[in-house]
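Now for the letters of each chain:
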Amino acid sequence: MIDISMNEINKYYGANHVIKGISFEIYRGEKVGLLGVNGSGKTTLFKIITGEEFYESGTLAKAAGKKIEMLDQIPHFAENETAEDILRSSFAEITAIFAAMKKIEGDADPAILKKYGRLMEEYERLGGYDVEVKIDKICNGMNINEGMRNSLFANLSGGEKTRVNLARILLKDCDILLLDEPTNHLDLNSLEWLEDFLLQFDGTIVVISHDRIFLDRVVSRIIEVENGKANFYKGNYSYYFAEKEQRFISQANQYEQQQKKIKQLETAANRLHDWARRADNEALHKRAFAIEKRIEKMDKVDKPFKARKLHVQFDSGGHASKEILSFEAVAKSYGDKKLFEDFNFKISRDDRIALVGANGCGKTTLLKMISGEEQPDRGIIKLSVNAKCAYMPQIIVFENMDATVLDTLRASFSLPEEKARGILARFNFRASDVLKKVGTLSGGEKSRLKLCLMMQNNVNFLLLDEPTNHLDIATREWIEKVLADFEGTMLFVSHDRYFLNKFADKVFDMDRFGK
């Protein structure tokens, strides 16, 4: 049975043809990964499926009676809403019925009693008596404790907000899940629980993700959106990666062989035309025209496309002291929430340390205290005098969000326009891209620009907070290559297991040592 069918869907944003006649089918119970570089139209496809976006042509069909839920960016909630309020919003219909039952409870009027009975039947049919069990089960798995549930949503950390929002979606009784980057900001325990939950989910799942290990564990088919079209791969990410390379090699060989054949035929046709003109022989012209017609009718092999790779390196910040950083008896709290108490920590030259732990345990706060954005309540933080530090935050903002990409770089380093354009080109900001306002950039584009700015300074100590979030796989691979060549010290927060395995020489578990 088919749950979702797209046939020749076309979508424009102004003159930009984003989706170019895309067609695919998603079958009931499938777990499908939707891949593509940032800006390729993946989220647009989700919004077309849910009806949030219209499309200019083509047909979309969805299985009748199937409930679809989409996890997109974190929505805005009222300032006075707690995490518990948001979790319970998944049961709005059940809550309304329960309120109606409470309102008429105890009334002995026969008509009211009859209405109460109907409400009770509907409450039971919708699973009203199982609500508490469902909420507790999801909250336990997503590590949403009672304190977090009772906290104002606005006061939660980025990772905690992600967990609550994801739990809200998972609590909805749906048949088809559309998940847009569900692993962003999740701690490792929540990530592993989510994978197990999705593997056991009976319905259909389509997931946009750049988490390679997650894709390997969860999906069994991949649809890649490339240049507005869909390519299909039966298997997980590892299969896709190998198969894509094999297809590229095969297509490149076919293209090369066909181009040789076309060139040979064109040479033959041109020779016949030349002979025909010299001999005034119409028959030779006809033979040449026949060859040219043969070339026209060929089923042409497209030249295989490979995205331009980024080639940049950090400049060395010079020699650093043996001990880069030390925390001595540091304490830090936010209201009643105590993150650090008599906290001691040291980082030596060339260390590559991963900070791990549950969302909200203080990982980002630790980085901010090192960078000077936050101050400890007490204690001493010593940063080596020859440590040249660069900090990439989880949420990237620029001093002037209305400035263009080009102006942002030029203002930061007083560069002439030509040189600034050359630097930006190495980070794949070309042509009109450099004239985009930084406030309108995607998450991945902001990360690229931030790295561009960081890499113009001679640094020897990198502080990275979830550096691969919002990035497509190609850009993640580029960052990994750049960091592999970085000759310095790194302290980073990441829940990207591939990134952790590649770069962490040491792992500091803040759930165990942070307080």
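The preceding data block contains the structure.
What this report covers is the structure whose coordinates are included nearby. (Residues numbered from 1 in each chain as written. Predicted model: local features only at pLDDT ≥ 70, side-chain atom pairs only at ≥ 80, totals over all residues. Heavy atoms only, no water.)

Turning next to the overall build of the protein. Helix and strand content of the protein: 18 helices and 17 strands. Viewed in the frame of its principal axes, the protein has a C-alpha envelope of about 105 × 80 × 40 Å. Burial status across the protein gives 47% buried among its 515 residues. A separation threshold of at least 6 residues defines the contact pool for the protein, and within that pool the share at least 24 residues apart is 71%. (Helix = DSSP H or I, 4+ residues; strand = E, 2+ residues; numbered from the N terminus. Buried < 20%, exposed > 50% of the residue type's maximum accessible area, 1.4 Å probe, protein only. Contact = heavy atoms within 4.5 Å.)

Strand order across the open sheet formed by 5 strands is β14-β15-β16-β12-β17, with parallel pairing between neighbours. Edge positions in the open sheet fall to β14 (389–392) and β17 (506–509), since each of these has one partner strand only. When the angles between neighbouring strand axes are averaged without regard to direction, this sheet yields 15°. Relative to strand β16 (residues 489–493), strand β12 (residues 352–356) runs parallel, the two sharing 4 bridges. Its bridge partner being in β16, I353 is matched across the sheet by L491. Across the sheet, helix α15 (residues 443–454) touches β14 and β15 (461–465), and the angle it forms with β14 is around 175°. (Pairing = 2+ DSSP bridges. Axes fitted to C-alpha atoms, helices over the stretch in contact; angles between N-to-C directions.)

Moving on: the packing of helix α3 (residues 92–104) against helix α4 (residues 110–125). At a minimum axis separation of 10 Å, α3 and α4 run at an interaxial angle of 155°. Classed by the angle they form, the pair α3 and α4 counts as roughly antiparallel. Relative to α4, the crossing made by α3 is left-handed. Two secondary-structure elements touch here, α3 through E93, I94, I97, F98, A100, M101 and I104 and α4 through I112, K115, Y116, L119, M120, E122 and Y123. Looking at the contact of α3 with α4 residue by residue, the classes come out as 11 nonpolar, no polar and 3 charged. (Parallel < 35°, antiparallel > 145°, perpendicular 65-115°, else oblique. Left-handed = near helix turned anticlockwise from the far one by under 90°. Nonpolar A, V, L, I, M, F, W, Y, C, P; charged D, E, K, R; others polar.)

The next thing to look at is helix α5 (residues 131–141). Taken together, the buried positions of α5 are V131, I135, I138, C139 and G141. The buried residues of α5 occupy an angular sector of 165° when the element is viewed end-on, so they sit on one face. In α5, the exposed positions angled more than 90 degrees off the buried face are occupied by V133, K137 and N140. In this fold, the buried residues of α5 make contact with α2 (83–88), α3, α6 (146–149), α7 (158–171) and α8 (188–200). N143 sits one or two residues past α5 and shows a positive phi near 60°. (Arc of directions from axis to C-beta.)

On to the side chain of H285. Secondary-structure assignment places H285 in helix α11 (residues 282–297). Here H285 is in contact with H273, A276 and R277, once residues within four sequence places are set aside.

This part takes up the packing of α5 against α7. Closest axis-to-axis distance for the α5/α7 pair is 10 Å, and the angle between their directions is 140°. Relative to α7, the element α5 is oriented oblique. Remark: the crossing between α5 and α7 carries right-handed chirality. When α5 is examined against α7, the residues K134, I135 and I138 are found in contact with a partner set consisting of A167, L170 and L171. Along the lines of polarity and charge, the residues of the contact of α5 with α7 split into 5 nonpolar, no polar and 1 charged.

Within the element layout of this structure, E132 appears in helix α5. We classify E132 as partly exposed; its relative accessible area is 41%. C-alpha separation for the pair E132 and R352, spaced 220 residues apart in sequence, amounts to 43 Å. A polar atom in the side chain of E132 sits 2.8 Å from the side chain of R88. (Polar contact = N/O pair within 3.5 Å; in protein donor to acceptor, adjacent residues only side chain to side chain.)

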